[in-house]
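Per-entry structural report
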Amino acid sequence: MVIWIWLTATLRANPELAIFLTLAIGYRVGSLKFGGFSLGPVTGTLLAGVLIGQLGIDISPQIKSIFFILFLFAVGFGVGPQFVRGLANDGLPQAVFAVVISLLCLLGVYIAARVSGYGPGLAAGLLAGSQTISASIGLATDAINQLGLPPQQTKQQLDLIPVAYAVCYLFGTIGTGWIIAFAGPKILRIDLEKECKRYEQQLSAGAPADGMMSAWNQYVIRAFKINQPGLIEGKTVAEAEKSAGERLFLENLRRDGKIIPFTPDTRLQIGDIIAVSGKHESLIEWSQRAEEVNDAELLNIPVESVDLFITNKWINGKTLLEIARHDDVHGVYLTRIRRGSVGVDIPVQAQTVLNRGDIVTLVGTRKHVDAASQRFGYADRPKSATDMVLVGAGILIGGLVGAIVVPVAGIPLTLSTSGGALIAGLVTGWLRTFIPKLGNVPASTLWFMNSAGLNIFIAVVGITAGPTFIAGLKYVGFTIFFWGLFATAMPMLLAPLIGKYIFRFDPAINLGCCGGARTSTASVAMVADAAKSNVPMLGYTVPYAVSNTFLTLWGLVIILLIG
């Protein structure tokens, strides 16, 4: 009992410790699996905050504002390339689709709030929970603070947000996944697995019989001595590589006992010893026509695997088959493609199209990887330093723009500093695909700004609302759960049909577009699992980038509509 009294007094006197306790419990609870379902760190942190908030801990609201702005900037920075590409290029239909579904999500929440007579606090919580868009809470909070309500009424509305969020979040997560992954194929009347196999066959058109790309571990480097004419003797290095008929590359050259530099125009001679990389089977054929030798020094070639951030304008919109024929991909092998802020894997097939902002994994010798990196983007090698000039200046400029208030029909409209930070992140992330040296924000920093930034904000919300949460739950009643069910299900049941009949999406990617338009990574992962293919991910990234932005901004819009 004495320890409990001491702990309570310490947390009240040091609220920063209460925040870290909330995060520790929240992340732990959020990671627990219940039949394959988990609450996630956001909901876990909110519930932990509500529980700890029963102790009556006062926390400065500036703390949640600082971390929420960091979170929004990171969100914009991550989705910027896909957001702009979707609006400007071949992703336009998917971007428009995302806007339509986002508007349906807003409409569902607005109908529920109007019919049930909910105020701005419950409407904001209903939006955040039913659409699982926790980021909207921050903008809704800013908007409620600007409504000009009496302080007590403002606090009452703010305290109702986490109540409605917690009640509606459960079906918002589970229901979306179930509708898209299991009801979706029935709504579309398709065999999802068969459609994805068909789409993969279309993507692989023109690929070699044994596949478009292979992992590096299927390739080896061996040394051969040119001791007879007729194989490659007398040919230039470029001619020799092309005549092989496979992706074989000359990596090193020894002449007259010395390892010498060479170019594609270097002509090979009898007596040269060459180090050649390629598929094991192809090099076995070579060993039958040339003398294989053991030259440890010649074979001592640094090999690495590097994530390449695509920035080159030429490569944007090109298929892998087109890119593979380009001289600048000499000696490298592509093993993985990730797209979007959540880094979803998309198929590595001959007709797969690369876009600016994609991250591809290249494997090869350091020389060839560096050459490809300089031509097509930059090697995203692990770095620990974050360009805080970029982050600080970006948030400042965005915040200043967002703070501008424009009166419209007597209503003060503003993006708020939080909304400005989101827009600044979008612009900065997009610009970085053109100017990679604009600034470095490592993946680990983005994770911290995304995850910890949002959850510290949620922790403060939960702790602050804790003392009134139970009373708020009694006030709201269980009815809001059913309104949350309506707001979640209505747009998701219509989305596959809109994608099929209005936007004419291919059945293989339609449900991926639906999941992206609802920013539900879990639901698309369920679709990919049901399809036994990652083809649906091709429809995910552009709608996700667009909807992630709009659904977050709806936190401000729903308050303007209801308040």
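Here is what the cut-offs are and how they apply
- Residues numbered from 1 in each chain as written.
- Predicted model: local features only at pLDDT ≥ 70, side-chain atom pairs only at ≥ 80, totals over all residues.
- Heavy atoms only, no water.
- Buried < 20%, exposed > 50% of the residue type's maximum accessible area, 1.4 Å probe, protein only.
- Helix = DSSP H or I, 4+ residues; strand = E, 2+ residues; numbered from the N terminus.
- Contact = heavy atoms within 4.5 Å.
- Polar contact = N/O pair within 3.5 Å; in protein donor to acceptor, adjacent residues only side chain to side chain.
- Pairing = 2+ DSSP bridges.
- Axes fitted to C-alpha atoms, helices over the stretch in contact; angles between N-to-C directions.
- Salt bridge = Lys/Arg side-chain N within 4 Å of Asp/Glu carboxyl O.
- Patch = residues over 30% accessible without salt bridge, like charges linked within 9 Å, V, L, I, M, F, W, Y side chains within 5 Å.
- Areas by Shrake-Rupley, 256 points an atom, 1.4 Å probe, with all protein chains shown as cover.

**So, helix H19 (residues 507-517)**
With 10 of 11 residues buried, H19 is to be regarded as a mostly interior element. Every buried residue of H19 is listed here: Ala508, Ile509, Asn510, Leu511, Gly512, Cys513, Cys514, Gly515, Gly516 and Ala517. Lining the buried residues of H19 we find helix H5 (92-116), helix H8 (151-188), helix H9 (192-203), helix H18 (479-501), helix H20 (521-531) and helix H21 (541-562). Capping the start of H19 is the job of one residue whose side-chain oxygen sits 2.9 Å from the backbone nitrogen of alanine 508: aspartate 506. The positive-phi residue at the C-terminal boundary of H19 is threonine 519, with phi of around 50°.

**Observations concerning the sheet that holds strand E6 (residues 303-310)**
Taken in spatial order, the five strands of this open sheet run E8-E7-E9-E6-E10, and their pairing is antiparallel. Two strands close off the open sheet at either side, each with one partner strand: strand E8 (344-345) and strand E10 (377-379). Here strand E7 (residues 332-339) pairs with E8 via two bridges, running antiparallel. Within E8, the residue paired with arginine 339 across the bridge is valine 344. Sheet strands in contact with helix H14 (residues 366-376) are E6, E7, strand E9 (359-365) and E10, and its direction is about 5° off that of E6.

**Section: the pattern of salt bridges**
Enumeration over the complete set of coordinates arrives at 12 salt bridges. Arginine 198 is the partner of glutamate 195 in a salt bridge, and the nearest nitrogen-oxygen pair spans 2.8 Å. Of the two residues, glutamate 195 and arginine 198 both sit in helix H9, three residues apart, roughly one turn of that helix. Connected via shared salt-bridge partners are Glu193, Lys197 and Lys532.

**Structural notes on the pairing of strand E4 (residues 273-279)**
Regular strands show a simple pattern: their side chains alternate between the two faces of the sheet. Counting buried positions over the seven residues of E4 gives seven, a clear majority of the element. Where strand E2 (residues 249-255) and E4 come together, five bridges link them in antiparallel fashion. When the sheet's bridge partners are listed, leucine 250 is paired in E4 with valine 276.

**Points about a nonpolar patch on the surface**
Together, Leu415, Ile423, Val427, Leu431, Phe434, Ile435 and Leu438 give the surface a local cluster of nonpolar side chains, amounting to about 510 Å² of exposed area. Here isoleucine 423 is to be found in helix H16 (residues 416-432). By relative accessible area, which is 32% here, isoleucine 423 ends up partly exposed.

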